[in-house]
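Okay, here's what each chain looks like letter by letter:
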Amino acid sequence: MEAMMKYCHFLEDQRRRTATIHASQDPIRSFKDDWSLRTIEKGMDKVNDTYQSVHHALVDLDLYKPLSLMDYQPDERYMRRHWIDEMVFPYPVAMYSYHQGNGLGNLVFIWKLADKDERRDVDTIMVLNEIKENLPRFSTRAMRKEFIQRYSDSAGIKPAILRDVWRFLTGDEAAAESSAEATIDSRVADFLLNADDPELFYDLRKNNGRPCDTRLDPFWEELAKFLDEQSVVDERRQEQHMFLPFAISIEDLRDKIASRLPPDSAIPSISWLMLQFWPSNPYSKCAAQYSGRYKVKFAVQQRIFRAQHEDSAYCAAQFKYLKTLACQFKDYSHMICVDDKAIVPIGEPDKPVSTGVRTHNSSLVPLQGPTLSALDHDFHIAGLIPSVMQLVDIPDDPNDSFYNSKIVVTVKDKIFQPSNAFRHSVETVHHLREMASDDGVNMNKPILFLFSDGGPDHRTNFNTVKLAAVALFISLDLDMYVHARTAPSQSYVNPAERAMSILNLALQNVALAREKLNNPHLERVIRSQSSIKNVRSAAQKYPGLQDEYCDAMSPVIQLLNERFSRLKYKGESVITMYPVSEDEIQDMIKSSLQIVMGDEVKEMDLSTLKIKDSSKLKDFFDKHCQERHYTFQVWYFLFPFFSCPLSYE
C-alpha cells in the first residue's frame, strides 16, 4: 500500500510538472545552461580504428570548422557515451555537447584547434555561435497558443496557417500534438509553397460559375424543374403546410439533381450552388453574394451543459487505457461504440409531431408556398429508437482520433421492440457478422472492445448485461471481450455521440405520424391508451393488435431508414439495418448460454436470473470473467490452470 501511495505521488508530481512546462512561456531547455564544452589535447599519432571515419572528416576541415558526430557515433547509449569519453586524435580538438532533453539525446560537435600558444577565445565563440544557429529550436505550447489566439481572433486567419507562420518566423521544430495536426500542417505547407495564388486557400469560388460558361446550364434547368415540382402543394394537404424539407443539405440537393442528369454532366460546387438561392438575412453583408436566381431560402423549423460526477476522472483514465489496449492489439481486435439516440416521437394518424431535434441548420423550402410546421403540442405514445453502433477504425496511436468509423443505425419501435441488454447483444452479433466476419458466423478477429454509456441496457454491473455479454462472447467465438462504460451523466464521452449530430440532419424540421391500423376497432383501442404499459396490456388482450401496430409503424421506419442512409459520416454512407425479432433474441441468447449452463437454461427466465442461482454459471464467471463497477471482461482463458468449460470440439 505504501509503495502504491508513493507511485501515486510520483505520478501527481509528474502531472504537475508537465502542466507547468506546457503553461510556461519559456522553454525548459536553454542554450545558456544545457551545454558543455571541453578540450581534448593532442594524443598518440596512431588513431584508434573506431575513430578513423571521424579522423578522415576532420583532416579535410580547416581549423575551427565544426563537425557533427550524429552520423559517426554508435546507436547504443552506453557504447556511445564510452566512445565519446575515450575519443583522442593526433591533434587538439574541442568538443561541444548540447543536451536536448525529452529523450532525444545530446548533439555533439567537434572541431580542430590551433596549438596552445595560438588559441583565441574569439575563435571558439564564433564556432559556438555558428553551431547555435543550426540547432533545433523548440517552443512551449503556451507560446504557440498565445501567438495563434492573438492573430486568429483579430485577423481571422486559420490556425493551421498561423502554425506554419510561427515555424517560419521562429524556426520552431516542435512535433505536432497529433498525427491529424501533422497531416494538416504538411498540406498547408505544401499549398503555400506550390500555389501561385495563396488567396485561393480561402476562397476557391473564383474557379466556379463563370457567366460565360454554359456547361452548367443543364444542371440549372433541372434544378428549376425540381423546385417547381416541390413547390406544388400536395393534394392531401388541407392547408399550406410542409412536413419535410426538399433536401437534408446542399450536398444532398446537388446529389438529387445530379441523379436526374446524364452521368457526364457538369456539376457546380456546393458553395456556388448555395449562392444561387435567396439569403436568409437580406440585410447581412454576405447577402450581396447571393444571386437570388431561385426562390428558395434556408428556413429553421443549445444544449451544452454537462453534469459532473466524482468518478469522471477514473472513467476517463479507464477509457484512455482501453484505447491504448485497442491500439496495441489493433491487428487482432475490433472496437465498437454503442448508444441509443433520443426517442423520435411519432404522432397519431394525420397529426404529425415534430421530432424535437433542435435546428442548427436551415432547410430548403419554397420562398412562397407551404411552410414547415407541426402540431403545437407533443403528446404522443408512439415513438422510434435509433440505436447506433460505431465500428471504429482503430488508429495506430491512442492519442489519434477514434471517430473514423462506420456507422450502423437500427430503428426500433419503443413499445414492442424496446432497448435492453439482450436485444443490443443479438443486434451487435448480427451487425458484426455482416461487417466483420469472413464466414458469416464468427468474427474475423479474436478480440472485441465495446464502449457505451451507463444506461440500464449497458450498465456492466447488471446481471442481464453480464449474461448478454457472455452470449455475445460465445456467439462470435471470441478470445477476449472487454465492455467499458462512462461515468453517470458522462455519455458525451462516448465517441458514438459524435454521430448523433449527423443523424439530426435527417430529423431536423421533420414532423412524423404513423399510419392508421387496418382494423378500425383496434385503432380505437390504441387511441384510447395513454401509456406504453397500457398499450402492451391491450396487445395481450386483443390478438393481432401488436402485428397491426407494427405494420402501421413500418412506413415511418422505412422513411427514417431512407433518410439516414442518405447521410455520410467521415465520407462513408450511414448503414441502416432492421431490428431482430423476440424469437431470434431468445434463440441466440439461450443457445449461447446453453454451452455454459446446459439444459437448465431452457427452464429459466433470463431477465430475472441471478448468477448465484446457477452453479455452472457461477463457476464460469469465477474462471472467465472479471467484474468491475465500470467494466466487464470475458476471457477464453482467464486463469490458464483451470479446466476450461469452453474447450469443446
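Residues numbered from 1 in each chain as written. Predicted model: local features only at pLDDT ≥ 70, side-chain atom pairs only at ≥ 80, totals over all residues. Heavy atoms only, no water.

A.B. asks: I tried to follow unusual backbone geometry on my own but got confused; where do I start?
C.D. replies: Positive phi, close to 55 degrees, is recorded for D477, a residue that is not glycine. Although it is not a glycine, K570 sits at a positive phi angle of roughly 55 degrees. Structurally, K570 is set in the loop between β17 (568-569) and β18 (572-573). (Helix = DSSP H or I, 4+ residues; strand = E, 2+ residues; numbered from the N terminus.)

A.B. asks: Can you walk me through the sheet that holds strand β2 (residues 67-68) in this structure?
C.D. replies: Consider a sheet: its strands pair through backbone hydrogen bonds, and that pairing is either parallel or antiparallel. Pairing is antiparallel in the open sheet, where 4 strands are placed in the order β1-β3-β4-β2. Strands with a single pairing partner mark the edges of an open sheet, and in this sheet they are β1 (35-40) and β2. Across 7 bridges, the pairing between strand β3 (residues 93-99) and strand β4 (residues 106-112) is antiparallel. Each bridged residue has a counterpart across the sheet, and for H99 the counterpart in β4 is N106. Running at roughly 50 degrees to β4, helix α2 (residues 52-59) makes contact with β2, β3 and β4 of the sheet. (Pairing = 2+ DSSP bridges. Contact = heavy atoms within 4.5 Å. Axes fitted to C-alpha atoms, helices over the stretch in contact; angles between N-to-C directions.)

A.B. asks: I would appreciate a short explanation of helix α14 (residues 497-507) in the present structure.
C.D. replies: In an α-helix, one turn spans 3.6 residues; hence positions three or four apart end up facing the same way. Turning to α14, its buried residues number three or more, namely A499, M500, L503, A506 and L507. Projected onto a plane normal to the axis of α14, the buried residues spread over an arc of 110 degrees and lie on a single side. Where α14 is buried, its residues touch β7 (333-340), β8 (344-345), β12 (383-392), β13 (405-413), α17 (545-565) and β17. Phi turns positive one or two residues past the end of α14, at N509, with a value near 60 degrees. (Buried < 20%, exposed > 50% of the residue type's maximum accessible area, 1.4 Å probe, protein only. Arc of directions from axis to C-beta.)

A.B. asks: Help me understand the packing of helix α12 (residues 421-435) against helix α13 (residues 463-475), please; the structure alone is not making it clear to me.
C.D. replies: For any two helices packed against each other, one specifies the crossing angle of their axes together with the interaxial distance. Contact geometry of α12 with α13 gives a least axis separation of 8 Å together with a crossing angle of 20 degrees. The angle between α12 and α13 falls in the class roughly parallel. Crossing geometry of α12 relative to α13 is assigned as right-handed. Between α12 and α13, the contacting residues are A421, F422, S425, T428, V429 and R433 on the first element and T464, V465, L467, A468, L472 and S475 on the second. A breakdown of the residues in the contact of α12 with α13 according to their chemical character gives 7 nonpolar, 4 polar and 1 charged. (Parallel < 35°, antiparallel > 145°, perpendicular 65-115°, else oblique. Left-handed = near helix turned anticlockwise from the far one by under 90°. Nonpolar A, V, L, I, M, F, W, Y, C, P; charged D, E, K, R; others polar.)

A.B. asks: Explain the packing of aromatic side chains here, please?
C.D. replies: The geometry of an aromatic ring pair comes down to the distance between the two centres and the angle between the two planes. The final tally for this structure, using the stated rule, is 10 aromatic pairs. Considering the side-chain rings of F319 and F451, the 4.0 Å spacing of their centres and the 15 degrees angle between planes classify their relative orientation as stacked. Of this pair, F319 sits in helix α11 (residues 312-328) while F451 is found in strand β14 (residues 447-452), placing the two residues 132 residues apart along the sequence. For F451, a relative accessible area of 1% puts it in the buried group. Centroid distance F416 to Y549: 5.6 Å. Interplanar angle 70 degrees. Geometry classified as edge-to-face. (Phe/Tyr/Trp six-rings, centres within 6.5 Å; stacked < 30°, edge-to-face > 60°.)

A.B. asks: Help me out: how do you make sense of the pattern of salt bridges in this one?
C.D. replies: A side chain of one charge can pair with a side chain of the opposite charge if their charged atoms are brought near each other. Scanning all chains against the criterion turns up 17 salt bridges. Where K412 meets E427, a salt bridge forms, and the shortest distance between an N and an O atom there is 3.6 Å. Highlighted residues: K412 in strand β13 and E427 in helix α12, separated in sequence by 15 residues. Between D622 and K618 there is a salt bridge whose closest N-O contact spans 3.3 Å. Residue D622 and its partner K618 are located together in helix α19 (residues 615-624), separated by 4 residues, close to a single helical turn. According to the relative accessible area criterion, D622 is partly exposed, its value standing at 45%. Through salt bridges with shared partners, a single ionic network connects E348, R514, E523 and R527. (Salt bridge = Lys/Arg side-chain N within 4 Å of Asp/Glu carboxyl O.)

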